[in-house]
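# Structural description and commentary
Residue-level listing of the chains:
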Amino acid sequence: MSFVVAIDGPAGAGKGTITELVGKQVGLVNIDTGATFRCVTLAMIKNKIKLEEEEKIKDLLASIHIDLKKEEGEEKVYLDGEDVTKQIREKQVNDLVSPVSTIKIVRDNLLLLQRKMAEGKDVIMEGRDIGTTVFPDAQVKIYLTATAEERARRRVEQNKEKGIETTYEEALANVKARDKMDSERKQAPLKQAEDAICIDSTQMNISEVAREIIKIIEQKRIENVYEVGLPSYLQHDIDQFIEGKKSNSSVLDCYFDELYGSINSAYYSDEITEDQANYLRHKYLFK
Ligand code: DC
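Just so we're clear, the structure is a prediction, and the values are computed from it rather than from any experiment.

### Regarding the side chain of Ser-2
Positionally, Ser-2 belongs in the segment before β1 (4-8). What Ser-2 contacts, discounting residues up to four positions off in sequence, is Ala-118, Gly-120, Lys-121, Asp-122 and Gln-139.

### A word on the pattern of salt bridges
For the structure shown, the criterion picks out 20 salt bridges. One salt bridge in this structure joins Glu-20 and Lys-24, with 3.9 Å as the shortest N-O distance. Linking Glu-20 with Lys-24, this pair stays in helix α1 (residues 15-26), spanning four residues, or about one helical turn. Glu-20 sits in the partly exposed class, given a relative accessible area of 30%. Take Lys-24: its relative accessible area is 48%, and that puts it in the partly exposed class.

### Some thoughts on the packing of aromatic side chains
Within this structure, the stated rule accounts for five aromatic pairs. Ring-pair connections join several aromatic residues into one group, and the members of that group are Phe-241, Phe-256, Tyr-260 and Phe-286. Cation over ring: Lys-69 sits above Tyr-78, and NZ or CZ is 4.4 Å from the ring centre. Here the basic side chain of Arg-221 rests over the ring of Phe-3, its NZ or CZ set 5.6 Å away from the ring centre.

### Some words on the domain arrangement of the chain
When the domains of the chain are assigned, the result is domain 1 (3-223) and domain 2 (229-285). On a C-alpha basis, the centres of domain 1 and domain 2 stand 40 Å from each other.

### What to know about unusual backbone geometry
Backbone geometry places Glu-72, a non-glycine residue, at a positive phi of 45°. Note that Glu-72 resides in the loop between β3 (66-71) and β4 (74-79). Notably, Asp-80 is not glycine yet its phi reads approximately 45°, a positive angle. By secondary structure assignment, the location of Asp-80 is in the loop between β4 and β5 (82-83).

### Some remarks on the packing of helix α7 (residues 148-161) against helix α8 (residues 168-184)
The interhelical angle for the contact between α7 and α8, taken along N-to-C directions, is 125°, at an axis separation of 8 Å. Classed by the angle they form, the pair α7 and α8 counts as oblique. The two elements α7 and α8 meet at a crossing, and its hand is right-handed. Residues Ala-148, Glu-149, Arg-151, Ala-152, Arg-153, Arg-155 and Val-156 of α7 form the contact with α8, whose participating residues are Tyr-168, Ala-171, Leu-172, Val-175, Lys-176, Arg-178 and Asp-179. Here the contact of α7 with α8 is built from residues that sort into seven nonpolar, no polar and seven charged.

### A few points about the sheet that holds strand β7 (residues 140-145)
The strand order across the open sheet formed by five strands is β2-β6-β1-β7-β8, and the pairing between neighbours is parallel. The strands lining the two open edges of the sheet, one partner per strand, are β2 (29-32) and β8 (197-200). Mean inter-strand twist for the sheet, computed between neighbouring axes without regard to direction, equals 20°. Together, β2 and β6 (123-127) form the strand contacts of helix α2 (residues 33-46), whose direction differs from that of β2 by roughly 40°.

### Observations regarding the pairing of β4
Each regular strand shows side chains that alternate between the opposite faces of the sheet. Sheet analysis places β3 next to β4, joined by six bridges and oriented antiparallel. Along β4, the bridge assignment pairs Leu-68 with Val-77. If you look at the hairpin formed by β3 and β4, you'll find two residues sitting between the two strands, and Glu-72 has a positive phi there, around 45°. In the sheet, β4 pairs with β5 via two bridges, with the strands oriented antiparallel.

### Quick look at the site of the ligand
Surrounding the ligand, one finds 15 residues, the nearest of these being Arg-38, Ser-98, Arg-107, Asp-129 and Arg-185. A distance of 2.9 Å separates an oxygen atom of the ligand from a polar atom in the side chain of Ser-98. Between the ligand and Asp-182 there is a distance of 3.4 Å, counted from an oxygen atom to a side-chain nitrogen or oxygen. Here the ligand, which alone exposes 450 Å², has 96% of that area covered by the protein.

### Examining α1
Here α1 spans 16 Å end to end across 12 residues, near enough to the 16 Å set by a 1.5 Å rise per residue. If you check which residues of α1 are buried, you get Lys-15, Ile-18, Thr-19, Val-22, Gly-23 and Val-26. Buried residues of α1, seen end-on, are gathered within an arc of 125° and therefore sit on one face of the element. Buried-residue contacts for α1 involve β1, β2, β6, β7 and α9 (206-226). Of the residues one or two after α1, Gly-27 is the one with positive phi, at around 70°.

What counts as what
Residues numbered from 1 in each chain as written. Predicted model: local features only at pLDDT ≥ 70, side-chain atom pairs only at ≥ 80, totals over all residues. Heavy atoms only, no water. Helix = DSSP H or I, 4+ residues; strand = E, 2+ residues; numbered from the N terminus. Contact = heavy atoms within 4.5 Å. Salt bridge = Lys/Arg side-chain N within 4 Å of Asp/Glu carboxyl O. Buried < 20%, exposed > 50% of the residue type's maximum accessible area, 1.4 Å probe, protein only. Phe/Tyr/Trp six-rings, centres within 6.5 Å; stacked < 30°, edge-to-face > 60°. Lys NZ or Arg CZ within 6 Å of the ring centre and 35° of its normal. Domains from an automatic or database assignment. Axes fitted to C-alpha atoms, helices over the stretch in contact; angles between N-to-C directions. Parallel < 35°, antiparallel > 145°, perpendicular 65-115°, else oblique. Left-handed = near helix turned anticlockwise from the far one by under 90°. Nonpolar A, V, L, I, M, F, W, Y, C, P; charged D, E, K, R; others polar. Pairing = 2+ DSSP bridges. Near = heavy atom within 4 Å. Polar contact = N/O pair within 3.5 Å; in protein donor to acceptor, adjacent residues only side chain to side chain. Areas by Shrake-Rupley, 256 points an atom, 1.4 Å probe, with all protein chains shown as cover. Expected span 1.5 Å × (residues − 1). Arc of directions from axis to C-beta.

What follows is the structure, encoded as structure tokens:
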């Protein structure tokens, strides 16, 4: 499997901005899964298809082509060859995308597309269900959140920059309605994965959040390099040592000696490099 970083969380938590920034800095391909739902929504509007017209939606899904591309450093979204990057952020799409994303055939179809988009690449993928459903084995899972009030405040600011006047009350009601719909839907609801790291950005600025996520990714990448393909006896001793530590086992000294010995054996028999041996000793034994 390629290296996957999953960034999930509610609307307005800053996932889009953070994902783009972090992806650029650490060299990961950015996949905005929300954009795929927005494209289907736009296609339904263009073809005058209603939410309950399942057969028509099915045919539409079979015929449309969605593409996410990077052009001159900018993330672009194409629907059937047309650049719809701006259109998919307009009000008519905003108003309909949450209900569209609750339709089972839409989710099933986009799940396959999203997995395909990541094939053979190292990616940072932003959405609601990436760590729980799309890539449950993602190497890094972040759940990025902030209070509804803070997210509404940010939305008002963003809109102001775009020349759109929104009241705080309006924005707050919108954020709360989207949270409710995204987390209460039956299909792949918005939910923090058990093994995700939660970052609450209410009191943080963008660069603080980005820095924290980059630290987590870099750490995981190092682990990936040094802890992949270890000889099975060494992996066994690492697992035993970790279990022993968790249960505060009285035989921990013995596990320590065994692990120390097997790291040395693996190194002296050229099964691991010197850097790997040092990394493992430092991580498990001498920290
Ligand atoms: O992140 P966004 O605002 O562009 O997402 C638009 C909608 O798509 C949002 O209401 C929830 C839905 N969505 C989803 O259900 N699953 C995803 N992985 C991404 C987005």
